[in-house]
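Here is what each chain is made of, one letter per residue.
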Amino acid sequence: MSNPNPAVRIKTLKIDGRDVGAREDETILEVARENGIRIPTLCAFEGLSTVGACRLCLVEIKGWSRLVPACVTRVEEGIEVIANSERLQRHRRLIVELLLAERNHVCSVCVANGHCELQDLAVELGITRVRVPYRYPRFAVDASHPRFVVDHNRCVLCNRCVRVCDEVEGAHTWDVMGRGVDSTVITDLNQPWGASESCTSCGKCVHVCPTGALSEKQNLAGASLKRRQFLPYLQLMREARR
């Protein structure tokens, strides 16, 4: 690969047996995507900061004793990365099953049915049943906003809404409250979305949501197709930070 900045050194490594080159400031996930190597993710979104929350992008590195998240692990000279193996597939299937069991993801009645990244991952990984007990929580649905709805039963706590609202819109309307299975995304100091004084109603949080947790009211009767292409400048911002 070309190096537009000679001050940044190039690293050579292997991913699934393929020789690839990368800038030293790139992550394994970025390099894999540049070379057409599939590593599944839910929390990662190009142009936003990385948090390593979903753990779906864990990969193996030969000689390392632990799995590492590809989205936050920088490339190193000479490492051999295994991005797809039976061990990793088992790991990813279990994570998706846990996500499906933790909240109430019933695809047949979800506004994001057919346009949901969690659903796509379940199909990709061949998940036909969930082997862990369902928790069946009863989370509230907040329809107080004139344009949008938040259904906490669909949330996977990817934090995309929190990051896009803070890093792109600059409003910081969204945040996370609670710990563990009791964690939920909230607006302002846990106020109803419609009562938020900081929300600009821009819709960025809705369009980056990977599931049906955030949706537009006009789409509740049909497919909630995310218009993520409305954020083309996210990539430009990402490049500008390098």
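My aim in this report is to walk through the structure given alongside it, one point at a time. (Residues numbered from 1 in each chain as written. Predicted model: local features only at pLDDT ≥ 70, side-chain atom pairs only at ≥ 80, totals over all residues. Heavy atoms only, no water.)

Time to look at the sheet that holds strand β1 (residues 10-15). Reading across the sheet, the five strands line up as β2-β1-β5-β3-β4 and stay open at both edges, with mixed pairing between neighbours. Single-partner strands in this sheet number two, and they are β2 (18-23) and β4 (68-69). Here two bridges tie β1 to strand β5 (residues 80-82), and the two strands are oriented parallel to one another. Counted as the bridge partner of isoleucine 15 is valine 81 from β5. Sheet strands in contact with helix α2 (residues 86-102) are β3 (58-61) and β5, and its direction is about 160° off that of β3. (Pairing = 2+ DSSP bridges. Helix = DSSP H or I, 4+ residues; strand = E, 2+ residues; numbered from the N terminus. Contact = heavy atoms within 4.5 Å. Axes fitted to C-alpha atoms, helices over the stretch in contact; angles between N-to-C directions.)

Summed over all chains, the structure comprises 12 salt bridges. The residue arginine 87 makes a salt bridge to glutamate 60 at a minimum N-O spacing of 3.6 Å. You can see arginine 87 sitting in helix α2 and its partner glutamate 60 sitting in strand β3, a full 27 residues away along the chain. Since its relative accessible area comes to 42%, arginine 87 is described here as partly exposed. The residue arginine 160 makes a salt bridge to glutamate 117 at a minimum N-O spacing of 2.9 Å. With arginine 160 in helix α4 (residues 160-169) and glutamate 117 in helix α3 (residues 117-124), this residue pair connects regions lying 43 residues apart in the sequence. Like arginine 160, the residue glutamate 117 is buried in the burial classification. (Salt bridge = Lys/Arg side-chain N within 4 Å of Asp/Glu carboxyl O. Buried < 20%, exposed > 50% of the residue type's maximum accessible area, 1.4 Å probe, protein only.)

That is the geometry; function is a separate question.
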